[in-house]
Amino acid sequence: MPRREFLVHLLVLGVLALGPWWLSPYNLSLLGRFLAMSILALGLTVVWGWGGFLSLGQGVFFGLGGYALAMNLKLAGLAPGDLPDFMVWSGLDHLPWWWAPFRHPVVALAAVVLVPAAVAGLFAWLVFHRRVRGVYFALLTQAFALALATLLISQQAYTGGFNGLTDYGPLFGVHLTDASAQTTLYAVTLGALCACYGLATWLSRSHFGRLLVAIRDGENRVRCLGYDTVPYKVAAFALAGAFAGVAGALFAAQVGVISPAMVGVVPSIEMLIWVAVGGRESLAGAVLGCLLVNFGKDWVSSAMPSVWLFVMGGLFIVVVTVLPQGIGGLLARRSAPGPAADAAPMTPEPAGP
Amino acid sequence: MTELGLVASQLFNGISLGSILLLAALGLALSFGLMNVINMAHGELLMMGGYLAYLAYRMPVGPWRLPLALLLAAAGAALFGALLELTVVRRLYGRPLDTLLATWGVSLLMQQGARSLFGPVGVEVTAPDWLAGAIPLRSIGLPGVELPLVRLFIIAVAGVVLAGLALVLTRSRWGRLVRAVQEDRDMAEALGINSRRVDLVIFMIGTGVAGLAGAALALIAPVTPTVGQSYIVYAFLVVIVGGLGSLTGTAAAALAVGLLSAWLQVFTSVSLADVLLLVVVMAFIQVRPRGIVTRLSRALEEA
């Protein structure tokens, strides 16, 4: 990383780290949850910006991470043998076996990362190893989001149904709604974001990252060079799934609820606009876009609720047709005119047979 | 209802659902096969067709209301499709994933537009009297099984549209141009075919079919701003299973998905049927990753 860029990153991190001192509690809680969501956005940069395959179902992995932690939080503070409230209301008399391991916070925290990563990896492998890709992959992820959201809503007794999981017990003995716990969560979120950002930056320079971009720009050429492209794509998607899971868990812990409203088709596609606005290839753009879009959404939809969908629809059209590199592309063009900043289409897929 | 009766009625439900999916998926499959473009606003064109039918129904035209509604819906949606192709889809040629996102933006605009114009609550389009009844199957030994006329009408509409498209594609001069462009765009252009115009016409036909489908579906379910969303994901699955833009494949896939879905709903709930449907589709692409009907090609780079 060039020296100047490094200093800018350090400066931004400093400003964010001092958030609890200069932001109102309301804005701090918003910033905290948006920073959590931007971890998911980093994953989208990896798969979409670098790998060139589009996921319309990132909410699935966000949800898996969120539910994994929330299940622990629902069980925390219950006497042995007691059931979470919604199970009692639905008439269950004992805990389902697959809920039981989540009683241990360490298991739940591991599941936050591992379950979404495993599900994402398996899903990607099932699709990619048969060389199904491009638009087909995107549509299958969309169907996945629909299927999981429908399943969560319908299995009221096991998942809390439409309302999701809310009203949490303590995590490691700490009540998450306390003011000090919220500040700690903010710090944890910022730390997780830094870690994921660092990991992704390191990956972008590694052999893996370069190969991912090569696959985007010409998968068959990479194959002709002797690489099996499937494991790279599967690993990228699993990583994005893990990022989304972490984001979902941090979101659930801060907001105090995780529900199918964050899982389905509409929220999943909405996640793409964060990355598209910021610039799909740039990690900084993903974070910036996520914060901008979500603060914008909060502002617009509280001032004029009916206008937000118009704004978002317009954003999708304008960003994709006029600004395919997003804000990051604009900045890059200004600071370094040259071939690297060329605003050529980034997903040069074959233009049909 | 007897065992046989249950089978018969689920069979009918499956065919009915299949015909609905076929109507919703045909337009998608056409433009996907030709232009490699997925139009995420396709469901909203269905919704638009529904609202246009609703408006047509409020005109004082007596017995001609239904044909007029279907015609108006198809024409309106086709015109909107032309606008969409010229302003958005054409600009993103060769970037199918970006087209997908841009048309998603269009779909959001259309949903919110419909909400502002007609309100969030659904509007009803009542079927005319001659479609109100049902045919009982008691006389052929299936007591308790009834085939509603509206659903039979929709099956008929799907059949007519499918046959009409097949006829146009295989017998007309335009159909020949479409097939030429689909087979080899560069070669077709070299022979003087304006492939962009072919794209535009096919996109208009596709969206027109969506409008027609929306008007027909308005007869069985209220039209809401989000009605398109409820059909569209299944329509996408039909396109995936059917294969790249072949009418036969799309028709077979629509029927298969419809029958499977109806059959699954007997054994499980509607929501579990959704999940199992995805599982079956994922299993299917393990066997036939390119769909039921595949197009042979020597090209290495295909979608």
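Residues numbered from 1 in each chain as written. Chains lettered and ligands numbered in written order. Predicted model: local features only at pLDDT ≥ 70, side-chain atom pairs only at ≥ 80, totals over all residues. Heavy atoms only, no water.

S.K.: Would you mind going over the overall build of chain A in detail, with residue names and values included?
M.R.: Along the backbone of chain A there are 15 helices and 2 strands. Computed over C-alpha atoms, the radius of gyration of chain A comes to 20 Å, within 12% of the 20 Å expected from 2.2 N^0.38 for 353 residues, which places it in the range of a compact globule. Each of the three principal axes of chain A carries a C-alpha extent, and together these read 65 × 50 × 40 Å. Within the span of chain A, comprising 353 residues, buried residues form 54% of the whole. For chain A, long-range pairs separated by at least 24 residues make up 78% of all intrachain contacts whose partners lie at least 6 apart in sequence. Summing over all exposed atoms, chain A offers an accessible surface of approximately 14,800 Å²; the carbon and sulfur share of this is 69%. In chain A, which carries 18 positive and 14 negative side-chain charges, the distance between the mean positions of the two groups comes to 12 Å. (Helix = DSSP H or I, 4+ residues; strand = E, 2+ residues; numbered from the N terminus. Rg over C-alpha atoms; globule rule 2.2 N^0.38 Å. Buried < 20%, exposed > 50% of the residue type's maximum accessible area, 1.4 Å probe, protein only. Contact = heavy atoms within 4.5 Å. Areas by Shrake-Rupley, 256 points an atom, 1.4 Å probe, with all protein chains shown as cover. Lys, Arg positive; Asp, Glu negative; His and termini not counted. Charge placed at Lys NZ, Arg CZ, Asp CG, Glu CD.)

S.K.: I'd like a rundown of the overall build of chain B, residues and numbers included.
M.R.: Per the secondary structure count, chain B includes 11 helices and 2 strands. Ordered by position from the N terminus, the helices and strands of chain B form the series α-α-α-α-β-β-α-α-α-α-α-α-α. Over its C-alpha atoms chain B spans a radius of gyration of 20 Å, differing by no more than 12% from the 19 Å that the globule rule assigns to 303 residues. Principal-axis analysis of the C-alpha atoms places the extent of chain B at approximately 60 × 50 × 35 Å.

S.K.: Could you give me a rundown of the pattern of salt bridges, with the residues and numbers involved?
M.R.: Residue and element names in this part refer to chain A. Summed over all chains, the structure comprises 10 salt bridges over all chains. Residues aspartate 217 and arginine 216 are paired through a salt bridge, measuring 2.9 Å at the closest nitrogen-oxygen approach. For arginine 216, a relative accessible area of 13% corresponds to the buried category. What you see here is one network of salt bridges that share partners, running through Arg216, Asp217 and Glu281. (Salt bridge = Lys/Arg side-chain N within 4 Å of Asp/Glu carboxyl O.)

S.K.: Can you lay out the packing of aromatic side chains for me, pointing to particular residues and giving the numbers?
M.R.: Residues and elements named next belong to chain A. Counted by the stated rule, this structure contains 21 aromatic pairs over all chains. For the pair phenylalanine 34 and phenylalanine 295, a centre-to-centre distance of 4.9 Å together with 90° between the ring planes defines the contact as edge-to-face. You can see phenylalanine 34 sitting in helix α3 (residues 25-50) and its partner phenylalanine 295 sitting in helix α13 (residues 283-303), a full 261 residues away along the chain. Exposure remark for phenylalanine 34: the relative accessible area of 6% places this residue in the buried category. Measuring from centroid to centroid gives 5.6 Å for phenylalanine 53 and phenylalanine 137, while their planes differ by 85°, and the two rings are edge-to-face. (Phe/Tyr/Trp six-rings, centres within 6.5 Å; stacked < 30°, edge-to-face > 60°.)

S.K.: Requested: an account of the interface of chain A and chain B, with residues and values cited.
M.R.: In many reports, interface size means the accessible area that the parts give up when they come together. Across the boundary between the two partners, chain A contributes 50 residues, which contact 49 residues of chain B. Across the chain A/chain B interface, buried area totals approximately 4,700 Å², and carbon plus sulfur atoms make up 73% of it. At the surface where chain A touches chain B, the tally comes to 1 salt bridge. Note that aspartate 98 of chain B and arginine 280 of chain A form a salt bridge whose closest N and O atoms lie 3.2 Å from each other. On inspection of chain A and its partner chain B, the count reaches 6 residue pairs in polar contact (both at pLDDT 80 or more). The set of elements that each furnish at least two residues to the side of chain A that touches chain B consists of α6 (105-128), α7 (135-154), α12 (265-278) and α14 (308-321) of chain A. The biggest single contributor to the side of chain A that touches chain B is α7 of chain A, with 13 residues. A class-by-class count of the residues in the side of chain A that touches chain B yields 32 nonpolar, 14 polar and 4 charged. (Buried area = accessible area lost by both parts, 1.4 Å probe. Polar contact = N/O pair within 3.5 Å; in protein donor to acceptor, adjacent residues only side chain to side chain. Nonpolar A, V, L, I, M, F, W, Y, C, P; charged D, E, K, R; others polar.)

S.K.: Mind laying out helix α9 (residues 179-205) of chain A, listing which residues take part and the relevant values?
M.R.: Here α9 of chain A is 27 residues long and its end C-alpha atoms lie 40 Å apart, about the 39 Å a rise of 1.5 Å per residue gives. In the core, the buried residues of α9 of chain A are packed alongside α1 (3-17), α2 (19-22), α3, α10 (207-224), α11 (230-255) and α13 of chain A. (Expected span 1.5 Å × (residues − 1).)

S.K.: Now, about unusual backbone geometry: what can you tell me, with residues and values included?
M.R.: Its identity is not glycine, yet arginine 131 of chain A carries a phi of approximately 60°, on the positive side. With respect to the helices, strands and loops of the structure, arginine 131 of chain A is situated in the loop between α6 and α7.

S.K.: Pulling in residues and values, what's your account of the packing of α7 of chain A against α12 of chain A?
M.R.: Residue and element names in this part refer to chain A. Between α7 and α12, whose axes approach to 8 Å, the crossing angle comes to 135°. Between α7 and α12, the angle is such that the two are oblique. Counted together, Gln142, Ala145 and Leu146 of α7 and Val265, Ser268 and Ile269 of α12 form the full contact between these two elements. Of the residues contributing to the contact of α7 with α12, the split by class is 4 nonpolar, 2 polar and no charged. (Axes fitted to C-alpha atoms, helices over the stretch in contact; angles between N-to-C directions. Parallel < 35°, antiparallel > 145°, perpendicular 65-115°, else oblique.)

S.K.: I'd like to hear about a negative patch on the surface, residue by residue, with values.
M.R.: Residue and element names in this part refer to chain B. Taken together, the side chains of Glu183, Asp184, Asp186 and Glu189 present a region of like negative charge at the surface. Locating glutamate 189 in the fold gives a position in helix α7 (residues 185-190). The partly exposed category is assigned to glutamate 189, whose relative accessible area is 38%. (Patch = residues over 30% accessible without salt bridge, like charges linked within 9 Å, V, L, I, M, F, W, Y side chains within 5 Å.)

S.K.: Run through the environment of valine 106 of chain B, naming residues and quoting values.
M.R.: Inspection of the secondary structure puts valine 106 of chain B in helix α4 (residues 96-118). Residues valine 106 of chain B and methionine 40 of chain B, spaced 66 residues apart in sequence, show a C-alpha to C-alpha distance of 8.1 Å. Those residues within four positions of valine 106 of chain B in sequence are excluded, and the remaining contacts are Ile317 of chain A together with Ala41, Phe80, Leu84 and Val88 of chain B.

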